[in-house]
Amino acid sequence: MAGFSGLSLTRGASALGLAQRKLVVAIAAVVLGGGIWSMHFVAMLGLQLPILFYYDGLMTLISALIAILVVGLALLILHFVPRRPATLVAAGTVMGLGIAGMHYVGMLGMEICRPVFSLAGVGVSLVAALGLSILAVWVAYGARTRGNILLGTVCFALSVFALHFIAMGGTGFIVDGGVQAAGPPISNEVMAMGVSVAAFAISGAFLLTGVTFLGPAEAPAGPAPAPPEGVAAPAVPQGRGAAPGREDAPLRIPYEQGGRTRFLDRGEVAAVRAEGHYTILYATAGKFFCPWSISEAEDRLGPARFVRAHRSYLVNPDYVVEFQRSKDTGSCVLRAVDSLQRVPVSRSRLAEVRTALGL
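Since this is a predicted model, take the numbers as computed values, not measurements.

What counts as what
Residues numbered from 1 in each chain as written. Predicted model: local features only at pLDDT ≥ 70, side-chain atom pairs only at ≥ 80, totals over all residues. Heavy atoms only, no water. Phe/Tyr/Trp six-rings, centres within 6.5 Å; stacked < 30°, edge-to-face > 60°. Helix = DSSP H or I, 4+ residues; strand = E, 2+ residues; numbered from the N terminus. Buried < 20%, exposed > 50% of the residue type's maximum accessible area, 1.4 Å probe, protein only. Lys NZ or Arg CZ within 6 Å of the ring centre and 35° of its normal. Core = buried A, V, L, I, M, F, W, Y, C linked by side-chain atoms within 4.5 Å. Contact = heavy atoms within 4.5 Å. Pairing = 2+ DSSP bridges. Axes fitted to C-alpha atoms, helices over the stretch in contact; angles between N-to-C directions. Salt bridge = Lys/Arg side-chain N within 4 Å of Asp/Glu carboxyl O. Parallel < 35°, antiparallel > 145°, perpendicular 65-115°, else oblique. Left-handed = near helix turned anticlockwise from the far one by under 90°. Nonpolar A, V, L, I, M, F, W, Y, C, P; charged D, E, K, R; others polar.

K.L.:
Is there a simple way to think about the packing of aromatic side chains in this case?
P.N.:
Each aromatic ring pair is described using two quantities: the centre-to-centre distance and the angle formed by the ring planes. As enumerated under the stated definition, the model contains 8 aromatic pairs in all. Measuring from ring centre to ring centre gives 4.9 Å for Phe161 and Phe165, while their planes differ by 50°; the resulting arrangement is tilted. Of the two residues, Phe161 and Phe165 are both situated in helix H6 (residues 146-169); the distance of 4 residues between them amounts to about one turn of the helix. A relative accessible area of 43% places Phe165 in the partly exposed class. A connected cluster of aromatic rings, assembled from ring pairs, spans Trp37, Phe41, Phe53 and Tyr55. Positioned over the ring face of Phe80 is Arg21, at 4.7 Å from the centre of the ring.

See below:
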């Protein structure tokens with residue numbers, strides 16, 4: 001449930017504004033990290049040893065923080081860095097390390113009965129966690145469809161499950177009554193109450209995300225945006241077989257909304273941003289999910305209307321009301337586009353953008 005909730009919450013998050021995206025990533029990190037922590041201690045509640053043992057409260061808290069923060073770092077990579085194969089592998093690796101870190105720190109919190117880890121158990125469990133976590137991220141973020149998210153959820157759950165039980169298979173226990181806990185002791189009874197509260201919160205997140213899972217991933221449906229006053233109308237097409245990249249490039253851009261494919265006029269779009277293998281269209285009426293990649297959008301729309309300002313951005317010069325130079329880079333301030341107020345300009349694209357703006 002935690003895997004499904006976390007991966008579903010972030011569906012379409014890259015199309016949100018900066019503040020909203022940070023909030024969604026933070027919530028998803030708490031849900032995913034809390035799920036890893038809860039699964040570990042649900043399994044530990046079933047562990048039967050010949051002597052009584054308890055947990056160090058501080059180490060138990062640290063293990064939960066590790067899971068949340070490290071998984072959060074993986075989500076930051078996925079939603080704030082251009083999504084490429086190397087990005088997916090890096091995020092999956094970080095997530096796998098977070099799962100392993102949570103497990104072993106949580107195990108070190110055991111008191112009276114101390115765990116002893118075998119090298120083979122650590123190695124095999126780590127390989128399983130990393131491999132399945134990379135697979136989970138690759139599947140869930142390779143394409144943000146419902147099927148991908150569901151399959152990525154299964155891979156994520158298998159990653160947490162496999163690491164725990166492979167690691168436990170390589171773990172022994174010895175009596176160590178002389179260890180002093182760094183925090184207050186937590187008995188199995190108290191731990192069961194804490195895990196129940198966490199499971200209750202995860203179940204609530206699962207129900208809330210499940211309700212909206214079948215809805216559209218991007219901006220709500222609405223009428224097509226109208227260009228702001230003073231923006232030039234798109235050029236008249238010269239023929240159905242015209243090659244893209246010139247003034248006679250396609251006049252309409254497809255976008256997905258509510259399970260349907262709709263179209264925006266080329267002149268109504270102020271900017272295009274890369275979102276993995278797809279793009280987000282920014283217009284006066286909001287943001288829209290486009291099935292084109294950023295390279296395909298650049299080829300189809302053509303330099304007569306859009307200019308490549310950054311490896312992740314195309315900008316329509318008609319919407320630029322201000323250009324700001326900052327050392328070797330810059331930014332374009334857009335008019336009447338609430339969802340994207342400025343577009344970054346990279347150093348390699350600076351001269352091209354300035355030329356398109358008549359500077």
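Next comes the rest of the account.
K.L.:
What exactly am I supposed to notice about the nonpolar core here?
P.N.:
One recurring pattern in soluble globular proteins: nonpolar side chains tend to sit buried together. Membership of the largest hydrophobic core comes to 45 residues, with the highest contact counts inside it found for Ile36, Phe41, Met44, Tyr55, Leu75, Tyr141 and Phe156. Mapped onto this core, the elements with two or more residues apiece are helix H1 (2-9), helix H2 (18-45), helix H3 (57-80), helix H4 (85-108), strand S2 (110-117), helix H5 (119-142), H6 and helix H7 (188-212). Excluding residues within four positions of it along the chain, Phe156 makes contact with Gly3, Leu32, Ile36, Met95, Ile99 and Ala136.

K.L.:
I would appreciate a short explanation of the sheet that holds strand S13 (residues 329-334) in the present structure.
P.N.:
Pairing between sheet strands relies on hydrogen bonds along the backbone, with the strands arranged either parallel or antiparallel. If you walk across this open sheet you meet the 3 strands as S12-S13-S14, and the pairing is antiparallel. Single-partner strands in this sheet number two, and they are strand S12 (320-326) and strand S14 (342-345). Looking at each pair of strands side by side, their axes are set apart by 20° on average, direction ignored. Relative to S14, S13 is paired through 4 bridges, and the arrangement is antiparallel. Its bridge partner being in S14, Cys332 is matched across the sheet by Val343.

K.L.:
Can you walk me through the pattern of salt bridges in this structure?
P.N.:
Two side chains that carry opposite charge are able to pair once their charged atoms sit near each other. Under the defined criterion, the tally for this structure stands at 7 salt bridges. The residue Glu275 makes a salt bridge to Arg83 at a minimum N-O spacing of 3.3 Å. Linking Glu275 in strand S7 (residues 269-275) with Arg83 in the loop between H3 and H4, this pair joins segments that are 192 residues apart in sequence. For the residue pair Glu275 and Arg83, the accessibility class agrees, reading buried in each case. For Glu275, the salt bridge is made with Arg273, and the minimal N-O distance between the two is 3.7 Å. You'll find Glu275 and Arg273 in the same group, each marked buried. One salt-bridge network, in which partners are shared between bridges, spans Arg83, Arg273 and Glu275.

K.L.:
What exactly am I supposed to notice about the pairing of S13 here?
P.N.:
Look at any regular strand and the pattern is simple: side chains alternate between the two faces of the sheet. When you tally the buried positions in S13, you get 5 out of 6 residues, the bulk of the element. Pairing geometry for S12 and S13, over 6 bridges, is antiparallel. Looking across to S13, one finds that Val320 is bridged to Leu334. Hairpin geometry of S12 and S13 is characterised by an intervening segment of 2 residues between the two adjacent antiparallel strands and by a positive phi of about 55° at Lys327.

K.L.:
Before we go on, may I ask you to explain the sheet that holds strand S1 (residues 54-56) in this structure?
P.N.:
Across the sheet, which stays open at both edges, the 4 strands sit in the order S3-S2-S1-S4 with antiparallel pairing between neighbours. Sheet topology places strand S3 (171-176) and strand S4 (185-186) at the edges, where each strand pairs with a single neighbour. By the bridge criterion, 6 bridges tie S2 to S3 in an arrangement that is antiparallel. Across the sheet, the residue bridging to Val116 is Gly172, located in S3. Where H4 meets the sheet, its contacts fall on S2 and S3, and the angle it forms with S2 comes to roughly 135°.

K.L.:
What exactly am I supposed to notice about the packing of H4 against H5 here?
P.N.:
Each pair of packed helices can be summarised by the angle the axes make with each other and by the distance between the axes. The interhelical angle for the contact between H4 and H5, taken along N-to-C directions, is 135°, at an axis separation of 7 Å. When the interaxial angle is binned, H4 and H5 end up oblique. At the point where H4 passes H5, the crossing takes the right-handed sense. Of the residues in H5, those in contact with Pro85, Leu88, Val89, Ala91, Gly92, Thr93, Met95, Gly96, Leu97, Ile99, Ala100 and Tyr104 of H4 are Gly121, Val122, Ser125, Leu126, Ala129, Leu130, Ser133, Ile134, Val137, Trp138, Tyr141 and Gly142. Here the residues of the contact of H4 with H5 sort into 17 nonpolar, 7 polar and no charged.

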